[in-house]
Amino acid sequence: MAARMRTFASAAPSSRPGRNVPGSRGNVDEEAKRVHRVVLDMARGGDVLGAIRALEPALARHPGNKHLLTTSASLLERVGRTDEAADALHEACAIDGRDAAPWQALAVLASRRGDFASAEALFERATQVDENHAPAWQAWACFESARRRTERARELFRNAVAADPTHAPSWQAWALLEARKKQYHEARKLFRKATLAKEDHAPSWQAWALLEAELGRTREARKLFGRGATCCKPHAPLLAAWASMESRIGRIEEARMLFLRAHEADEKHAPTILQWSAMERRVGATGEAKRLLAKGLHHHSQNTHLLHGMALVEKAEGNLDAARQQLMELTKGGAKARGVAFHALGKLEAEQGNFHKARVAYQQGIKQGDDSCRVKCYLDLAQLEVLQGTLDEARRLFETGAAHGGHSDATYVQAWVRFEKRHGNENRTRELFRASVDLSPQDPRVWLQWGMWERSRDRVEAARACFSRGVKHTSGNAFLWQAWAVLEAYTAQNVESARRLFVKGTKACPEDAPLWMEWALMEQSKGEGAQRARQLFEQGSHIQPPHVPLFSAWARLEESHGNLEKAAELDKQLSEIEAMQRGVFRGTP
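Residues numbered from 1 in each chain as written. Predicted model: local features only at pLDDT ≥ 70, side-chain atom pairs only at ≥ 80, totals over all residues. Heavy atoms only, no water.

A word on a positive patch on the surface. On the surface, Arg-148, Arg-180, Lys-181 and Lys-182 cluster together into a positively charged patch. Tracing the sequence through the fold places Arg-148 in the loop between helix 8 (134–146) and helix 9 (150–163). According to the relative accessible area criterion, Arg-148 is exposed, its value standing at 71%. (Patch = residues over 30% accessible without salt bridge, like charges linked within 9 Å, V, L, I, M, F, W, Y side chains within 5 Å. Areas by Shrake-Rupley, 256 points an atom, 1.4 Å probe, with all protein chains shown as cover. Salt bridge = Lys/Arg side-chain N within 4 Å of Asp/Glu carboxyl O. Lys, Arg positive; Asp, Glu negative; His and termini not counted. Charge placed at Lys NZ, Arg CZ, Asp CG, Glu CD. Helix = DSSP H or I, 4+ residues; strand = E, 2+ residues; numbered from the N terminus. Buried < 20%, exposed > 50% of the residue type's maximum accessible area, 1.4 Å probe, protein only.)

Right, dumping it as structure tokens:
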């Protein structure tokens with residue numbers, strides 16, 4: 001197969017663009033277009049095999065339609081029939097050798113099969129065929145970026161935007177490369193160029209907002225999501241991503257409204273339904289979660305993620321047999337579906353104390369699942385051994401899983417860190433913390449956990465270094481600022497240093513009520529006393545949603561100073577807030 005790809009990469013392009021056969025450019029009839037739309041809709045719903053079968057009669061009637069051929073190749077690749085996918089793309093190239101798109105698709109296919117030499121040659125052919133085809137330059141740049149050839153990728157991105165300065169996806173992909181390299185200022189400049197090149201390109205606004213959210217800059221992310229929603233026609237992925245961000249920080253009602261807008265923009269958009277239902281399940285509104293998933297499955301009856309989501313709702317409601325039945329149905333699907341199902345079955349059985357059944361399910365997931373599910377199964381199998389006290393076997397599984405992809409999975413490495421923290425030695429734990437921050441330097445949890453661990457060992461300088469490096473990577477994370485300030489105030493006994501950190505932290509995270517509360521408590525106990533604490537509590541009390549512990553701490557401050565009327569007023573506010581929040585989390589108006 002690799003040899004054939006190289007042959008095509010070196011062959012001269014066809015001199016017969018758009019040859020006059022049924023279904024070539026200019027001769028595609030409405031029936032072919034209709035089939036194309038139907039097939040794509042089926043694939044989006046998860047029925048890829050059905051889409052392939054539905055496409056076959058159209059390909060027979062329109063053998064020269066390169067668009068149907070490239071669609072067929074994409075579907076065939078998704079079910080692992082890569083030889084047939086390559087054949088379809090070669091045929092598309094032969095029909096119109098001067099169209100860069102099929103050459104680009106061949107290059108991407110070669111790269112996914114690990115045939116990097118052929119991929120490079122095919123990307124080069126695509127850009128020779130049409131040097132102004134920015135998507136080919138962009139795809140080539142992404143290929144080089146994935147191989148960690150950053151300078152080469154930058155050079156190719158420059159070619160992409162030179163070929164078409166209005167091609168927003170090229171600017172966006174380049175921005176994401178710079179973000180991965182922690183060049184955040186440069187990434188923002190490129191995102192700005194993407195949105196200027198095409199103001200209504202929703203994916204660019206979405207990616208930019210998600211970067212800011214990842215860096216803890218929630219207010220800035222919210223502004224960018226809002227700009228995107230204003231500049232673009234209703235775009236379900238952007239609105240759903242915005243809703244998910246709000247749900248993560250506890251703004252459930254805001255998230256519901258955004259999910260509703262996303263659903264109205266595209267009622268068939270499965271990720272919106274999945275994320276919305278997952279939020280409802282987390283807050284205990286399982287009936288609403290089930291209703292949403294049923295609606296999604298009406299459109300996408302074979303969607304692995306929706307079926308998995310329904311099984312999780314059944315489990316949350318205590319319908320364990322129904323959950324098992326749903327998951328067993330999923331094990332009849334492809335590698336991705338099988339992996340998801342066996343992993344979920346393992347978790348279900350483990351939670352019920354059926355450890356033998358859980359172990360069998362995880363082992364099947366390792367054998368039959370795809371790479372990502374295999375890593376999850378190794379992880380949970382290792383944690384099962386920890387639960388049963390077989391620590392040597394747990395460590396062996398962590399090491400084996402790392403060799404099968406876990407070493408590059410941040411969640412996996414972080415779990416291994418936690419295991420070694422409890423059961424290993426300090427040097428191994430530090431080694432794993434270093435690996436973890438290398439994998440995900442923008443994840444504030446890793447810096448926080450590492451710093452807290454060093455603090456627990458009375459290594460104040462090491463803890464300080466972790467917190468300092470952490471806020472450089474994620475300056476908008478309030479937990480890091482708080483942990484560092486508390487270290488200075490209570491462990492290092494340096495109140496002035498702590499105060500400076502609280503000032504910086506509340507400037508970076510002005511909407512984080514717990515940070516204001518912690519500062520107030522420090523001033524109350526070690527600093528400038530009740531009046532300064534009162535001012536800080538007042539600052540934090542205006543933040544939405546209200547933070548119950550802040551009002552409670554403020555009320556106790558007033559009570560301790562004899563201000564009983566103010567304390568009673570705050571307790572009344574506290575009761576109203578608690579009642580309101582109980583209603584929100586139960587899903588009631």
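Here the narrative resumes.
Its location among the elements puts Thr-272 in helix 16 (residues 270–282). On the accessibility criterion, Thr-272 (0% relative accessible area) is buried. Within the structure, the side chain of Thr-272 is placed 2.7 Å from the side chain of His-269, a separation counted as a polar contact. Leave out the neighbours within four places in its chain, and Thr-272 touches Ala-236, Ala-240, Phe-259, Ala-262 and His-263. (Polar contact = N/O pair within 3.5 Å; in protein donor to acceptor, adjacent residues only side chain to side chain. Contact = heavy atoms within 4.5 Å.)

If you trace the backbone, Ala-344 turns up in helix 20 (residues 335–351). Note on Ala-344: relative accessible area 8%, which makes it buried. Considered as a pair, Ala-344 and Ala-311 are 33 residues apart in the sequence and their alpha carbons are 8.8 Å apart. Apart from residues no more than four positions distant in its own chain, Ala-344 is found in contact with His-308 and Leu-327.

Here we take up the packing of helix 11 (residues 184–197) against helix 12 (residues 202–214). Closest axis-to-axis distance for the helix 11/helix 12 pair is 9 Å, and the angle between their directions is 155 degrees. When the axis of helix 11 is compared with that of helix 12, the two are roughly antiparallel. Seen from above, helix 11 lies across helix 12 with left-handed handedness. Side by side, helix 11 and helix 12 meet where Tyr-184, Ala-187, Arg-188, Phe-191, Arg-192, Ala-194 and Thr-195 of the first sit next to Ser-204, Trp-205, Ala-207, Trp-208, Leu-211 and Glu-212 of the second. Partitioned by chemical class, the residues of the contact of helix 11 with helix 12 number eight nonpolar, two polar and three charged. (Axes fitted to C-alpha atoms, helices over the stretch in contact; angles between N-to-C directions. Parallel < 35°, antiparallel > 145°, perpendicular 65-115°, else oblique. Left-handed = near helix turned anticlockwise from the far one by under 90°. Nonpolar A, V, L, I, M, F, W, Y, C, P; charged D, E, K, R; others polar.)

Don't take any of this as a statement about function, it's just geometry.
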